[in-house]
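# Descriptive analysis of the structure
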Amino acid sequence: MFYEHIKNERKLSEVEPTPSPKRSCPEIPFFGAPYPDATCIDGFLWDLDSCEGEEGFLTQGGETPCPFCNTKAFLQVYADRQGITKKEWLKEIERLRAKYS
Ligand SMILES: [Zn+2]
C-alpha cells in the first residue's frame with residue numbers, strides 16, 4: 001500500500017511541468033478571444049478585455065488558476081472536463097508556454 005502511494009506520487013511529479021524560473025507567465029487566449037486575452041496575476045487568470053476606464057483595472061477574472069504557475073490548482077478544476085485528461089492538459093500547457101512565451 002505504502003509503496004504504491006510513493007509510486008503514484010513519483011508518477012505525478014514526473015508529468016508536472018516545472019514552474020518557469022522567471023515566474024513570468026505568458027498571456028494566452030483563454031476568455032474566448034482568438035488573441036491572447038488572459039494574463040496571470042498572482043497565480044490567477046484575468047481577462048485583459050475587461051479593462052475599464054483609463055486606470056486600466058481588470059474587472060473580470062481572478063477565479064481561474066493560472067495553468068503555468070498554478071498548475072496543480074488549474075488541473076484540479078479542468079482535468080477530465082470535456083474529455084480532456086490531465087496528461088493532455090499538461091501537453092497543451094507546454095504548447096501554450098512555448099507558443100506565447
Ligand atoms: Zn501564472
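In what follows, the structure referred to is the one given above.
I will try to describe carefully the structure that is included in this document.

## A few points about the overall build of the protein chain
For the protein chain, the helix and strand inventory stands at three helices and five strands. In the protein chain, which comprises 101 residues, the proportion classed as buried is 14%. Contacts in the protein chain between residues at least 24 apart in sequence constitute 33% of all its contacts with a sequence separation of at least 6.

## Digging into the environment of V77
Mapped onto the fold, V77 is located in helix 2 (residues 71–78). The class for V77 is exposed, based on 11 C-beta atoms found within 10 Å. Along the backbone, V77 and T64 are 13 residues apart, and their C-alpha atoms lie at a distance of 8.3 Å.

## Overview of the pairing of strand 2 (residues 44–47)
One ladder, built from four bridges, connects strand 1 (residues 38–41) with strand 2; its direction is antiparallel. Within strand 2, the residue paired with C40 across the bridge is L45. Counted between consecutive antiparallel strands, the loop separating strand 1 from strand 2 contains two residues, among which D42 sits at a positive phi close to 50°. As paired strands, strand 2 and strand 5 (residues 61–65) are joined by three bridges and run antiparallel to one another. By the bridge assignment for strand 5, F44 is matched with P65.

## Let's talk about the sheet that holds strand 1
With antiparallel pairing, three strands are arranged side by side in an open sheet as 1-2-5. Two strands close off the open sheet at either side, each with one partner strand: strand 1 and strand 5. In this sheet, neighbouring strand axes are inclined to one another by 45° on average, regardless of whether the strands run parallel or antiparallel.

## Looking at the nonpolar core
Core analysis: the largest hydrophobic core is formed by 10 residues, namely C25, I28, A38, C40, L45, W46, C66, F68, F74 and L75. Elements with a minimum of two residues in this core: strand 1, strand 2 and helix 2. Residue contacts for L45: discarding those within four places in its chain leaves F30, A38, C40, G61, T64 and C66.

## Points about unusual backbone geometry
The residue D42 is not glycine, and still its phi comes out positive at about 50°. Relative to the assigned elements, D42 resides in the loop between strand 1 and strand 2. At D80, a position not held by glycine, the phi torsion is positive, near 65°. By secondary structure assignment, the location of D80 is in the loop between helix 2 and helix 3 (86–100). Of the residues examined, D80 has 11 C-beta atoms within 10 Å and is grouped as exposed.

What counts and how
All chains use their own residue numbering, which begins from 1 and follows the written sequence. The model is predicted, so local features are restricted to residues of pLDDT at least 70 and side-chain atom pairs to those at 80 or more, both for listing and for counting; the totals for chains, interfaces and linings are taken over all residues. For the purposes of this entry, the term helix denotes a DSSP run of H or I that reaches at least four residues, the term strand denotes a run of E that reaches at least two, and both are numbered from the N terminus. Buried, partly exposed and exposed are defined by the number of other C-beta atoms within 10 Å of a residue's own C-beta, namely 20 or more, between the two limits, and 12 or fewer respectively, with C-beta atoms placed from the backbone. Two residues form a contact once the distance between their C-beta atoms, set from the backbone, is within 7 Å. Pairing between strands requires that DSSP locate at least two bridges from one strand to the other. Geometry is summarised by axes, namely lines fitted to C-alpha atoms with helices restricted to the contacting stretch, and by angles between N-to-C directions that run from 0 to 180 degrees. As used here, a nonpolar core is made of buried Ala, Val, Leu, Ile, Met, Phe, Trp, Tyr and Cys residues. They are joined through C-beta atoms within 7 Å.

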